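Next come the chains, spelled out residue by residue.
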Amino acid sequence: MGVLLVIGAASCRNDFEYTPSTGNLEFSKDTVFLDTVFTNIGSSTYSLKVYNRSDEDIYIPYVGLETGQNSSYRLNVDGLPGKEFDDVPLLAKDSLYIFIETTFDVSQIPENEFLHTESLLFGTRPLTQKVELVTLVRDAVFLYPRTLSDGTKESLVLGMDENGVEITVEGFYLEPEELLFTNEKPYVIYGYAAVPEGSTLTMQPGTHVHFHKNSGILVDVGASLSINGVLSEDQELLENEVIFEGDRLEPGYADQPGQWGTIWFREGSSNNQINHLTLKNATVGLRIEGDGTLDTPTLTIRNSQIYNSQNHNVWSTEAYIVAENTVLGSAGGSSFYGELGGKYNFTHSTLANYWNKGPRNGLALSLKNFAILPSGDRTTESLEYADFVNSIIFGSVSTELLLEQDSASDFNFNFSNCLIKFNLSDDSVVENPLYNFDNSSFYRNIVFNQDPEFKNQTKNQLNIHENSAAIDLADPDASLTVPTDILGTDRTQNPDIGAYEFITDN
């Protein structure tokens, strides 16, 4: 374990101009609580301020850690590394900052989680003053690429560029014994953990996976991902949910987008199943590449929520996706972005983009039957169908639905019993048959621009309130295929549009 502690004094004089501290230092806090950290992962930096309220310039005879040179912490005083320091100067009526960081060694963890405390000492006996340092430390299963003999990291080949040069990403293939994730310890992944062809990565209820920067999971051709979360009794703890997020546990990172990469379903992966997953703070939540044949679903996702991605929450290319009780919240791009056709069937889902962390480059729902290749060429494939039933498509801009067709390929879609935000009325809309809202082949029983009245959309809490325009307007026959909502509430009578049924304690 190592802790970096930086102490900066206001100035420096000759020792004979200072008098020793007599134990009258004051501190900005008596205990420094460092937030939960994983073993071997550094914390954020925390500060402590030390005050000399007296009229005399003083020196602090000793600044150091309680266990001295045997401490797992380390100090840096005015740029000098060490664990104990003598005669630290501090001017009259002045103060100095102490900056504190921590990193713990996995070998020093006696159990999966423990509270580590140590005293930071000022002065010598009998005038010693102390400030407590407290850190909750968690053990975890760490998965990472090997370092090769030439000093480089193990990598995965993604393909070839236009010049025949391999495109690689730092990563590794999971071994057979690594293909079952449990809830015994959290997992921390560095680089991309790849599921090899012919294998399935299975995650049990309560699995918690943390990803380092530029890391994720890659599901290779012929491989599958099976996420088997179940309904949690405590919707704050989500004890049975499978959770994907970054590896920084401090509160300041709780809602910071772009902390890690993506879950990448490569072309040719199939039979991917996701149930009760919460995924947040990625660059792209799910990156899904279909195989073009579209005979079976590339991904079936149920009772899951994805939000706060720096780019798209779901980015699909020519894929076949079945989604039920799926919540796609705010994103810097689109909540759902589908290109190059495919097949999509969304039932009782909520797509709501209220991104407030900078410019937004997408909508709640964007569908295209074409894509622009890296070469700049345009390619197109048929959108065989995109059916949205009993679903909400809403957000903070005037229009949250974009449909774009290349006439060289089919573009088949249908919205039924949906609540949609769409306020454009210019010539590009009036003359575009895709936005002919009187065409019952495309639109049936649609509620436009009425408030869904979410609980707190800026925090991606998309439960609906009692005056929501979504209440009782879902197609009851379609609801029978998804008879409970994302929280397990029955919806077989007078069902509401979206992933959540209204209940009085929402």
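Residues numbered from 1 in each chain as written. Predicted model: local features only at pLDDT ≥ 70, side-chain atom pairs only at ≥ 80, totals over all residues. Heavy atoms only, no water.

## Topic: unusual backbone geometry
Test applied: Note on conventions: DSSP H or I runs of at least 4 residues are helices, E runs of at least 2 residues are strands, and numbering of each starts at the N terminus.
The amide bond that connects arginine 125 to the next residue, proline 126, takes the cis arrangement and shows omega of 0°. Following the sequence through the fold, proline 126 ends up in the loop between strand E11 (113-122) and strand E12 (129-138). One non-glycine residue, asparagine 303, lies in the positive phi region at around 55°. With respect to the helices, strands and loops of the structure, asparagine 303 is situated in strand E28 (residues 299-307). Backbone geometry at glutamate 318 places phi at a positive 50°, although glycine is not the residue there.

## Things to note about the packing of aromatic side chains
Here is the rule we go by: Stacked, edge-to-face and tilted are the three classes for Phe, Tyr and Trp ring pairs, Trp counted by its six-membered ring, which pair at centre distances within 6.5 Å; planes under 30 degrees apart are stacked, over 60 edge-to-face, the rest tilted. Note on exposure labels: buried denotes an accessible area under 20% of the residue type's maximum, exposed denotes more than 50%, and partly exposed covers the range between, all computed with a 1.4 Å probe on protein chains only.
In total, this model carries 23 aromatic pairs according to the counting rule given. A ring pair is formed by phenylalanine 211 and tryptophan 260, whose centres lie 4.3 Å apart and whose planes are at 15°; its orientation type is stacked. Within this pair, whereas phenylalanine 211 is found in strand E20 (residues 208-211), its partner tryptophan 260 is found in the loop between strand E23 (242-246) and strand E24 (263-265), the two being separated by 49 residues in sequence. Taken individually, phenylalanine 211 and tryptophan 260 each receive the classification buried, so the pair is uniform in this respect. Relative to tyrosine 443, the ring of phenylalanine 413 has its centre 5.8 Å away and its plane inclined at 70°; by these criteria the two rings are edge-to-face. With phenylalanine 413 in the loop between strand E37 (401-404) and strand E38 (414-416) and tyrosine 443 in strand E40 (residues 443-444), this pair connects stretches of sequence that are 30 residues apart.

## Looking at the pattern of salt bridges
Heads up, the condition is: Just to be clear on terms, a salt bridge is a Lys or Arg side-chain nitrogen sitting within 4 Å of an Asp or Glu carboxyl oxygen.
Enumeration over the complete set of coordinates arrives at 13 salt bridges. Note that glutamate 384 and lysine 343 form a salt bridge whose closest N and O atoms lie 3.8 Å from each other. Taken together, the residues span a long stretch of sequence, with glutamate 384 in strand E35 (residues 383-389) and lysine 343 in strand E30 (residues 336-347) at a distance of 41 residues. Judged by its relative accessible area of 38%, glutamate 384 falls in the partly exposed class. For lysine 343, a relative accessible area of 14% translates into the label buried. A salt bridge links lysine 368 to glutamate 404; the shortest N-O distance between them is 3.4 Å. Of the two residues, lysine 368 sits in strand E32 (residues 365-368) while glutamate 404 sits in strand E37, which places them 36 residues apart along the sequence. With a relative accessible area of 27%, glutamate 404 lands in the partly exposed category.

## Some remarks on empty space enclosed by the protein
Heads up, the rule is: Here the term cavity refers to a set of points on a 1 Å grid, laid over the protein atoms alone, in which a 1.4 Å probe fits but cannot get out; the term pocket refers to an open set having protein on both sides within 12 Å along at least five of seven lines, with lining residues being those that place an atom within 4 Å of a point. Grid points are joined across faces, edges and corners, and a volume is the space filled by probe spheres set on the points.
Enumeration over the complete set of coordinates arrives at two cavities of 30 Å³ or more. The space that makes up the largest cavity amounts to roughly 50 Å³. At the level of secondary structure, the elements contributing two or more residues to the lining of the largest cavity comprise strand E27 (286-289), E28, strand E29 (314-328) and E30. The dominant element in the lining of the largest cavity, judged by the number of residues it contributes, is E29, at five residues.

## Topic: the confidence of the model for the protein chain
Stated precisely, the cut-off is as follows: Summary of the metric used: pLDDT quantifies the predictor's per-residue confidence within the range 0 to 100. For this analysis, residues touch if any pair of their heavy atoms sits within 4.5 Å.
Confidence along the protein chain averages 91 in pLDDT terms, with 94% of residues attaining 70 or more. In this model, residues 7-15 is a region of pLDDT below 50 whose contacts with residues beyond four sequence positions or in other chains number 22 contacts.

## A few points about the pairing of E29
Condition: At least two bridges found by DSSP between two strands are what make those strands a pair.
Buried residues dominate E29, accounting for 14 of its 15 residues. Two elements, E27 and E29, share four bridges in a ladder whose sense is parallel. Bridge pairing in E29 places leucine 286 opposite valine 314. Looking at chain direction, E29 and E30 are connected through ten bridges and run parallel. Bridged to tyrosine 320 within E30 is lysine 343. In terms of strand pairing, E29 meets strand E31 (residues 350-353) through two bridges, oriented parallel.

## Comments concerning a negative patch on the surface
Rules: Patches in this entry comprise residues that are over 30% relatively accessible and not in a salt bridge; like charges within 9 Å are linked, as are nonpolar side chains (Val, Leu, Ile, Met, Phe, Trp, Tyr) within 5 Å. Per-residue accessibility takes into account occlusion by the displayed protein chains alone, with areas from the Shrake-Rupley method and a 1.4 Å probe. In this tally, Lys and Arg are treated as positive and Asp and Glu as negative; His is ignored, and so are the chain termini. Note on charges: their place is set at NZ of Lys, CZ of Arg, CG of Asp or CD of Glu.
Among the surface-exposed residues, Glu233, Asp234, Glu236 and Glu239 lie close enough to one another that they form a single negatively charged patch. You can see aspartate 234 is positioned in the loop between strand E22 (224-228) and E23.

## Structural notes on the layout of surface pockets
Put simply, the rule reads: Any residue outside Ala, Val, Leu, Ile, Met, Phe, Trp, Tyr, Cys, Pro, Asp, Glu, Lys and Arg is labelled polar, Gly included; the first ten of those are nonpolar and the last four are charged.
Put simply, the largest pocket is a space of about 1,300 Å³. Forming the walls of the largest pocket are 49 residues, and the residues nearest its centre are Gln235, Glu236, Leu238, Lys280 and Tyr307. Elements represented by at least two residues in the lining of the largest pocket include exactly strand E4 (31-38), E20, E23, strand E26 (277-280), E28 and strand E43 (461-464). In terms of residue class, the lining of the largest pocket is made up of 16 nonpolar, 20 polar and 13 charged. Looking at the second largest pocket, its volume works out to about 590 Å³. For the lining of the second largest pocket, the secondary-structure elements that each account for two or more residues are E27, E29, E30 and strand E33 (370-372). When residues in the lining of the second largest pocket are grouped by element, the largest group, three residues, is from E29. Residue composition of the lining of the second largest pocket, by class: nine nonpolar, seven polar and six charged.

## Overview of the nonpolar core
Filter applied, for reference: Grouping buried Ala, Val, Leu, Ile, Met, Phe, Trp, Tyr and Cys residues that are joined through side-chain atoms within 4.5 Å yields what is termed a nonpolar core.
Met203, Ile217, Phe244, Ile263, Leu286, Phe336 and Phe415 are the most contacted members of the largest nonpolar core, which totals 62 residues. In terms of residue count, the dominant contributor to this core is E29 (five residues). Judged by nonpolar contacts, the second largest core, of 26 residues, contains Val32, Tyr46, Leu48 and Ile60.

## Brief notes about the side chain of serine 215
Cut-off, in case you're wondering: Nitrogen and oxygen atoms within 3.5 Å of one another constitute a polar contact, given that in protein one can donate a hydrogen and the other can accept it, and given that sequence-neighbouring residues count only through two side-chain atoms.
Summarising the element assignment, serine 215 is placed in the loop between E20 and strand E21 (216-219). For serine 215, the side chain forms a polar contact with the main-chain nitrogen of glycine 191, separated by 2.7 Å.

## Re the environment of leucine 65
Of note, leucine 65 is situated in strand E6 (residues 58-65). Distance in space between the C-alpha atoms of leucine 65 and leucine 148 is 38 Å, their sequence separation being 83 residues. Discounting residues that sit within four places of it in the chain, leucine 65 has contacts with Ser71, Tyr73, Arg74, Leu75, Lys83, Glu118, Ser119, Leu120 and Leu133.

## So, the environment of aspartate 496
Here aspartate 496 is to be found in the segment after helix H2 (476-479). In sequence terms aspartate 496 and isoleucine 41 are 455 residues apart; their C-alpha atoms lie 45 Å from each other. Not counting residues within four places of it along the chain, the set of residues in contact with aspartate 496 comprises His348, Ile464, Ala470, Ile471, Asp472, Ala474, Glu501 and Phe502.

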